[in-house]
Amino acid sequence: MKSVEPKVDQEIEKLAKQVKEASLPADLSSRTLLAIERLRLSLQFGQFSQEYEAISHYVEWIVNLPWREKTEDNLDLSEARRVLDKYHYGLEEIKERVLEYLAVMKLKKDKGEKPRAPILCLVGLAGTGKTTLATAIAETLGRKMVRIPFGGIEEPFYLRGRSRVFPQAQPGQIIKGLRQAGAANPIILLDEIDRIAEEARSSIMGVLVELLDPEQNNAFTDYFIDYPFDLSEAFFITTCNNTTNISQAVLDRLEVISMPSYSDEEKIIIGKNYLLPEAIAEAGLEPQQVVFAPDVWPKIVRPLGYDAGVRTLKRNLEGICRQIAKKVVSGEGERFEINTNNVKEYLPMW
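Residues numbered from 1 in each chain as written. Predicted model: local features only at pLDDT ≥ 70, side-chain atom pairs only at ≥ 80, totals over all residues. Heavy atoms only, no water.

Caption draft 1: Here's a closer look at the overall build of the chain. Looking only at helices and strands, the chain features 14 helices and nine strands. Since a compact globule built from 350 residues should have a radius of gyration of about 20 Å, the 26 Å found for the chain marks it as more spread out than a globular shape. C-alpha extents for the chain along the principal axes are approximately 85 × 50 × 45 Å. Within the chain, the fraction of its 350 residues that count as buried is 47%. Within the chain, contacts between residues separated by at least 24 positions form 76% of all contacts whose residues are at least 6 apart in sequence. For the chain, the exposed area adds up to about 17900 Å²; of that, 49% sits on carbon and sulfur atoms. Of the side-chain charges in the chain, 45 are positive and 52 negative, and the distance between the mean point of each set is 2 Å. (Helix = DSSP H or I, 4+ residues; strand = E, 2+ residues; numbered from the N terminus. Rg over C-alpha atoms; globule rule 2.2 N^0.38 Å. Buried < 20%, exposed > 50% of the residue type's maximum accessible area, 1.4 Å probe, protein only. Contact = heavy atoms within 4.5 Å. Areas by Shrake-Rupley, 256 points an atom, 1.4 Å probe, with all protein chains shown as cover. Lys, Arg positive; Asp, Glu negative; His and termini not counted. Charge placed at Lys NZ, Arg CZ, Asp CG, Glu CD.)

Caption draft 2: Expanded view of empty space enclosed by the protein. Enumeration over the complete set of coordinates arrives at one cavity of 30 Å³ or more. The computed volume of the largest cavity comes to approximately 60 Å³. Considering the residues around the largest cavity, the lining is formed by Arg116, Ala117, Ile119, Pro214, Asn217, Leu231, Ser232, Ala234 and Phe236. For the lining of the largest cavity, the per-class residue count stands at six nonpolar, two polar and one charged. (1 Å grid on protein atoms, 1.4 Å probe; cavity = no way out; pocket = protein on both sides within 12 Å on 5 of 7 lines; lining within 4 Å. Points joined across faces, edges and corners; volume = space filled by probe spheres on them. Nonpolar A, V, L, I, M, F, W, Y, C, P; charged D, E, K, R; others polar.)

Caption draft 3: How the structure looks around the packing of helix α4 (residues 77-87) against helix α6 (residues 130-141). Relative orientation of the contacting elements α4 and α6 amounts to 150°, with a least axis distance of 9 Å. In terms of axis orientation, α4 runs roughly antiparallel to α6. Considering the relative orientation of α4 and α6, their crossing is right-handed. Judged by residue contacts, Ala80, Val83, Leu84, Lys86 and Tyr87 of α4 engage Thr132, Leu133, Thr135, Ala136, Glu139 and Thr140 from α6. Residues belonging to the contact of α4 with α6 are distributed by class as follows: six nonpolar, three polar and two charged. (Axes fitted to C-alpha atoms, helices over the stretch in contact; angles between N-to-C directions. Parallel < 35°, antiparallel > 145°, perpendicular 65-115°, else oblique. Left-handed = near helix turned anticlockwise from the far one by under 90°.)

Caption draft 4: Up close: the environment of Ala136. By the secondary structure assignment, Ala136 is in helix α6. Note: C-alpha distance between Ala136 and Arg82 (54 residues apart in sequence) is 9.9 Å. Among residues more than four places away in sequence, those in contact with Ala136 are Val83, Leu84 and Tyr87.

Caption draft 5: Seen up close, the packing of helix α11 (residues 264-282) against helix α13 (residues 311-329). As a packed pair, α11 and α13 sit with axes 9 Å apart at the nearest point and diverge in direction by 45°. The orientation of α11 relative to α13 falls into the category oblique. Relative to α13, α11 is oriented so that their crossing is right-handed. Two secondary-structure elements touch here, α11 through Lys267, Gly271, Leu275, Leu276, Glu278, Ala279 and Ile280 and α13 through Leu313, Lys314, Leu317, Glu318 and Cys321. Looking at the contact of α11 with α13 residue by residue, the class counts come to seven nonpolar, one polar and four charged.

Caption draft 6: Spotlight on the nonpolar core. Residues Phe150, Leu190, Ile225 and Phe236 are the most contacted members of the largest nonpolar core, which totals 57 residues. If you tally residues by element for this core, the top one is helix α9 (residues 201-212), at seven residues. (Core = buried A, V, L, I, M, F, W, Y, C linked by side-chain atoms within 4.5 Å.)

Caption draft 7: Quick look at the sheet that holds strand β7 (residues 255-258). Spatially, five strands are ordered β2-β3-β6-β1-β7 in an open sheet, and the strand pairing comes out parallel. Bordering the open sheet on either side are β2 (145-149) and β7, each of which pairs with just one other strand. The mean angle between the axes of side-by-side strands here comes to 20°, regardless of whether they run parallel or antiparallel. As defined by bridge partners, strand β3 (residues 187-191) adjoins strand β6 (residues 235-240) across four bridges and the pair is classed as parallel. Opposite Ile188, over in β6, you have Phe236 as the bridge partner. (Pairing = 2+ DSSP bridges.)

Structure, rendered in structure tokens:
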């Protein structure tokens, strides 16, 4: 035992040092140091190994959370407009609403008041650009973004963690996202909140009410961390296909923005200016190696019928570019034109 004790004491001191050097709230630091001291006492009762593992896991989490770290917002409206235009064609009304929110945040900040970000709910069919708009807002503000998917989640512990009294307890996705972002004010994208499992909907909607309520989220408590974390400066964005399965209590806290479906004409412009350059780069090609005849675009936009978003168009262009990449590598040519005569070769499902 004597040969082990010095090493054990070093490990305990290492934990205490981590807590003392971290920027923790004072009472959380005191409480954790007290638990570490109790750990020393457990040596004589033969439960040290189990207790040490639990406390070291807890310390590793709390010292790596951004209790005070925040990113500085970029609230330059002209730069915001440039970024929004880079990610999305059209959507003028939606872009104007986003710019209005940013303008309010800037005025509040200039007055020395804490700018409270709106809680947006982007509603639209698949492929209409909801996630991309959230990404654009994050880049506009210069904030980190954390995406939390809601599809099929079955218990509230997914969001707010499990108490440390349970074996193998872990924090919830909110705390995990904050650690990943390294800032207390990231964009938190709650994706597809209408796709929660039916049996868990009421309990998870209850967590969302607390999470999205400005009067409550300044003291959000994850069951694993067991200490309030201030989320009042986080920028929450939610997405859904429709609001039918979202409780009224949650909807009352959201600024709903409807994402419109794209017309074929808009899709052609998006395809030419946004999606095709990305697909060419992704396939390792050069722009001059891929040429699309102007009259072929309607057949690429709608080969299988109506689609509200641009996901099918994106897949089509990526598939075409991959086939061209294969031809280039196989030595069949260096430049390929897609036209109405050969488009079927590149769209086998059409």
